[in-house]
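Fold and geometry: a report
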Amino acid sequence: MEIFSQVSEEFSTFPCIGLWKEAQILFQQAAARRPEHWLIPVRACESVGGSPDQAIAAMVAIGCAHVGILLVDDMLDGDPRGDFHRIGMPAAANLACAFQAAALHAISQCTQNQAAKLVALNRFNEMFLRTAFGQFLDAQAPADESAYWTVTQTKSSPFFGAALQMGALAGGATLGTAEQLRELGCLYGEMIQIHDDMHDSMESPANPDWIQGRSPLPILFASLVQHPEQKRFLELRQNINEIPALQEAQEILIHSGAISYCADQLIQKFETAQILLNDIPLLNPIPVSLLLDALITPVYKLLEATES
Amino acid sequence: MNMQAFYKQLSNKPSQVHKHRLANLMLVSRTQILDTTKAGTWLIWNAEAPIA
């Protein structure tokens, strides 16, 4: 059976889920999109010598966590794409709680090693706490660069760190190796957030980040750095729902150096991640290495394209 | 290096190859950036294509 179908089937066996149609639908709809991030535990499991089947429970946990985190995030952002518009905020909050609990249920099944299981449960629960705090901080709209990195390291990094750590524990890694992979995953999560921010700030019509006065990294750069069009950029932000204003603001993001800064941050984090990866005693580092490559290769290609 | 320091370096005719290439990114298009970053999004579902 295909791995995402296995994950959906496993989820449907959880307590209460057989009777809870809305929870099943949300999970199945998400799994049908085959999110790449759900495969991160598999990559970690393979890198420590395990098989993909060993990582199914960890995949279910990451899938449940992803669905639950997204339900809450959409409500905090008022995102027009959020499921809460269809099912209502009370039901969405209820389901987010259920997905968090289901994720921990899945973690309790990801390894037979009792010490590893306890570490996995503690670390996964800690991930939820940190992510919730990060979402809270993000909703306050970070006003400077230091606050931005604090949000990134709480809202995004813990999820990806946990994804690699759970996969490693499921594959039989030592606690030390799994912890090293968690640290690498946190850095990977920062890179994902920078990608996310670059993408969101270039979308049209304006992404909710623009409309609600949030500051993804490129927008923060163009708002804070003293460049010739800083004043104009701040004016445009006031009318960002108008397409011409959005287009002009996006042009300023590009030629103020905001996108260049994001690319530089991605490259620096990639280089640090490579050093971390080289220090982890993995049987096969390639599956994890490919995760990092998938984020940095398009950036290098873009840099090369500018040479021609 | 924070964003202020980075901007100073970038706007000061960067001589290093790496910084020169980063300065070239100030000339790319919005579409090129969207293409470059489409693989890395995570807090939206439309990052992945639903299976029919």
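What you see is a predicted model; the values in this text were computed from it and never measured. (Residues numbered from 1 in each chain as written. Chains lettered and ligands numbered in written order. Predicted model: local features only at pLDDT ≥ 70, side-chain atom pairs only at ≥ 80, totals over all residues. Heavy atoms only, no water.)

**Some details on the interface of chain B and chain A**
Put simply, the rule is: Whether two residues touch is decided by their heavy atoms; if any such pair falls within 4.5 Å, the residues are in contact. A quick way to say it: buried area is the sum, across both parts, of accessible area lost when two parts are put together, with a 1.4 Å probe. Think of a salt bridge as a Lys or Arg side-chain nitrogen and an Asp or Glu carboxyl oxygen that are within 4 Å of each other. A 3.5 Å cut-off defines polar contacts: any pair of N or O atoms within that distance qualifies, except that in protein one atom must be a possible hydrogen donor and the other a possible acceptor, and neighbouring residues in sequence count only when both atoms are side-chain atoms. Strands here mean DSSP runs of E at least two residues long; helices mean DSSP runs of H or I at least four residues long; both are numbered from the N terminus. Residue polarity is assigned by list, with Asp, Glu, Lys and Arg as charged and Ala, Val, Leu, Ile, Met, Phe, Trp, Tyr, Cys and Pro as nonpolar; anything else, Gly included, falls into the polar class.
Opposite the 36 residues of chain B that make contact, chain A presents 59 residues. At the boundary of chain B with chain A, total buried surface from both sides reaches about 4500 Å², with 66% on carbon and sulfur atoms. Along the contact surface separating chain B from chain A lie zero salt bridges. Across the contact surface, chain B and chain A share eight residue pairs in polar contact (both at pLDDT 80 or more). Of all the elements in the fold, those that place two or more residues in the side of chain B that touches chain A are α1 (3-11), α2 (17-24) and α3 (30-37) of chain B. Looking at the side of chain B that touches chain A residue by residue, the classes come out as 19 nonpolar, 12 polar and five charged.

**Notes on the confidence of the model for chain B**
Operational definition: For every residue, the pLDDT score states the predictor's confidence, bounded by 0 at the bottom and 100 at the top.
Here chain B averages 78 in pLDDT, and 71% of its residues register 70 or above. Scored below 50 in pLDDT, residues 47-52 of chain B makes 11 contacts in the model with residues more than four places away or belonging to other chains.

**A short note on the side chain of Lys117(A)**
Residue and element names in this part refer to chain A. This is how the line gets drawn: A 1.4 Å probe rolled over the protein chains alone gives each residue an accessible area, and that area as a share of the maximum for its type sets the label: buried under 20%, exposed over 50%, partly exposed in between. Here Asp and Glu are counted as negative and Lys and Arg as positive; His is not counted, and neither are the chain ends.
Following the sequence through the fold, Lys117 ends up in helix α7 (residues 114-139). Look at Lys117: it is buried, it has no salt bridge, and the nearest opposite charge is Glu10 at 12 Å. With sequence-adjacent residues up to four places away left out, Lys117 is seen in contact with Ile107, Ser108 and Thr111.

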